[in-house]
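# Fold and contact review
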Amino acid sequence: MDIKNAPGSAGKGAPSADADVNMILSAENFVKMFAGKLNPTQAFMSGKLKIKGNLGKAMKLEKVMKQMHKSKL
C-alpha cells in the first residue's frame, strides 16, 4: 500500500518503489487495525505488528488513523 504518493495505491507483489516503512501483520489484524478495533501501538507491543524501517513514519500513520476514526463519529 502506498499512502505517500497521491492519490495512493495498493496492490499485490513487489512494490514499484522502496518503502519508508514496512508493517508486517496478518490480514485479520490489518482489517481490525484500520477499522479501529486494534490499537497499532498495542499490536506492536504484543508482537501482532512488526515494523521495519522508519518508526516515526509508522507512528504518523497511527495519528492519521485516529483522525480518520474521529471524523466518522
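Residues numbered from 1 in each chain as written. Predicted model: local features only at pLDDT ≥ 70, side-chain atom pairs only at ≥ 80, totals over all residues. Heavy atoms only, no water.

### Looking at the overall build of the protein
Per the secondary structure count, the protein includes three helices and two strands. At 12 Å, the protein has a C-alpha radius of gyration in line with the 11 Å of a compact globule built from 73 residues. Considering only C-alpha atoms, the protein reaches an extent of 35 × 30 × 25 Å along its principal axes. Relative to its full complement of 73 residues, the protein shows a buried share of 15%. In the protein, once contacts between residues fewer than 6 apart in sequence are set aside, the share between residues at least 24 apart is 63%. Averaging the coordinates of the 13 positive side-chain charges in the protein and doing the same for the 5 negative ones gives two points 7 Å apart. (Helix = DSSP H or I, 4+ residues; strand = E, 2+ residues; numbered from the N terminus. Rg over C-alpha atoms; globule rule 2.2 N^0.38 Å. Buried < 20%, exposed > 50% of the residue type's maximum accessible area, 1.4 Å probe, protein only. Contact = heavy atoms within 4.5 Å. Lys, Arg positive; Asp, Glu negative; His and termini not counted. Charge placed at Lys NZ, Arg CZ, Asp CG, Glu CD.)

### Some points on the confidence of the model for the protein
Of the residues in the protein, 97% have a pLDDT of 70 or more, and the chain-wide mean is 86. Considering each helix and strand of the protein separately, the mean pLDDT is smallest for helix α3 (residues 55-72), with a value of 81, and largest for strand β2 (residues 50-53), with 93. (pLDDT = per-residue confidence, 0-100.)

### Quick word on the side chain of N29
For N29, the location among the structural elements is in helix α1 (residues 27-34). We classify N29 as buried; its relative accessible area is 12%. Filtering out sequence-adjacent residues up to four positions away, N29 remains in contact with L38 and K48.

### Some remarks on the environment of A35
With respect to the helices, strands and loops of the structure, A35 is situated in the loop between α1 and α2 (40-45). When the C-alpha atoms of A35 and M65 are compared, they prove to be 9.0 Å apart, with 30 residues separating the residues in sequence.

### Considering the pattern of salt bridges
For the coordinates displayed, the defined rule picks out two salt bridges. When the shortest N-O distance is used, the salt bridge between K57 and D20 registers 3.3 Å. Linking K57 in helix α3 with D20 in the segment before β1 (21-24), this pair joins segments that are 37 residues apart in sequence. A relative accessible area of 37% means that K57 is categorised as partly exposed. (Salt bridge = Lys/Arg side-chain N within 4 Å of Asp/Glu carboxyl O.)

### Thoughts on unusual backbone geometry
Among all residues save glycine, negative phi is the norm, and among peptide bonds the norm is trans. Following A6, the chain continues into P7 via a peptide bond in cis, with omega recorded as 0°. With respect to the helices, strands and loops of the structure, P7 is situated in the segment before β1.

### Some words on the nonpolar core
Within the largest apolar cluster, six residues are counted, these being M33, L38, A43, L49, L61 and M65. Other than its neighbours up to four places away in sequence, M65 contacts M33, F34 and P40. (Core = buried A, V, L, I, M, F, W, Y, C linked by side-chain atoms within 4.5 Å.)

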